[in-house]
Amino acid sequence: MSHRNPEAFCGLYCGACPVYLKRADDWIVKIVLKEHGLAFEDLHCEGCRSRELSPSCQDCPTRDCAKSKGLDSCSSCDQMPCTRIAGFASVRPHCKEVAGNLTFLRDKGSDAWLEAQAFQWQCKACGRVGSWYETVCSACGGLLPAGYEP
Ligand code: SF4
Ligand code: SF4
Ligand SMILES: [Zn+2]
């Protein structure tokens, strides 16, 4: 049974993470493989809430913080956006979305957010899901406007 879940505690959309999507050529995947001395076949992640986590996210202090407060997500924390969440903006371009995602989650709920995220990252021409740093669909060549430049 799959335990895949694209909603991270911090507000990231794991559904567009290249590790989650198993994109071997993605630069983030290559960094994770190198940092953890793994072969691509041994890298698995089913999302932040799953039982099968990438080593790059296993010791996440944000998830630990939310769990320690008994929260389902940082979106329901009365300290949001805390300094940790605010600090995400300077980590990598895709992390800039976290604060806005948490506000959306808080105001409109998980189902609406997941629906919006699935639409945002999907190639409108062929339906393939683009990852955070894909700006052109590798399946059909269509533009992926949600993708960031690295
Ligand atoms: S590696 Fe991290 S960001 Fe990517 S899917 Fe797994 S938990 Fe989410
Ligand atoms: S203080 Fe609240 S918003 Fe900040 S990381 Fe912890 S749970 Fe998330
Ligand atoms: Zn496409």
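For the structure, check the block above.
Not measured: the values here are computed from a predicted model.

The rules behind these values
Residues numbered from 1 in each chain as written. Chains lettered and ligands numbered in written order. Predicted model: local features only at pLDDT ≥ 70, side-chain atom pairs only at ≥ 80, totals over all residues. Heavy atoms only, no water. Near = heavy atom within 4 Å. Helix = DSSP H or I, 4+ residues; strand = E, 2+ residues; numbered from the N terminus. Nonpolar A, V, L, I, M, F, W, Y, C, P; charged D, E, K, R; others polar. Buried < 20%, exposed > 50% of the residue type's maximum accessible area, 1.4 Å probe, protein only. Arc of directions from axis to C-beta. Contact = heavy atoms within 4.5 Å. Salt bridge = Lys/Arg side-chain N within 4 Å of Asp/Glu carboxyl O.

1. What about the site of ligand 2?
- All residues adjacent to ligand 2 are Thr62, Cys65, Ala66, Lys69, Leu71, Cys74, Cys77, Met80, Cys82, Arg84 and Ile85.
- Of all the secondary structure elements, the ones that give two or more residues to the shell around ligand 2 are α2 (61–68) and α3 (83–87).
- It is α2 that provides the largest number of residues to the shell around ligand 2, a total of three residues.
- When its residues are assigned to classes, the shell around ligand 2 shows eight nonpolar, one polar and two charged.

2. Thoughts on α2
- Among the residues of α2, Thr62, Arg63 and Ala66 are the ones counted as buried. Taken end-on, α2 shows its buried residues confined to a sector of 100°, consistent with a single buried face.
- Buried residues belonging to α2 abut α3.
- Following α2 by one or two positions, Gly70 has its phi on the positive side, about 75°.

3. Brief notes about the pattern of salt bridges
- Scanning all chains against the criterion turns up six salt bridges.
- Taking the shortest distance from any N to any O, the salt bridge between Glu7 and Arg49 comes out at 3.4 Å. A residue pair is termed long-range when its members are at least 10 positions apart, and Glu7 in the segment before α1 (27–36) and Arg49 in the loop between α1 and α2 qualify at 42 residues.
- The class for Glu7 is buried, based on a relative accessible area of 7%.
- Accessibility expressed as a relative area gives 23% for Arg49, which makes it partly exposed.
- Among the ionic pairs, Arg23 bridges to Glu134, the shortest N-O distance being 2.8 Å. Taken together, the positions of Arg23 in the segment before α1 and Glu134 in the segment after α5 (110–121) put the pair 111 residues apart, joining distant regions of the chain.
- Assessed through its relative accessible area of 13%, Glu134 is described here as buried.
- Among the charged side chains, a salt-bridge network with shared partners connects Glu7, Arg49 and Asp72.

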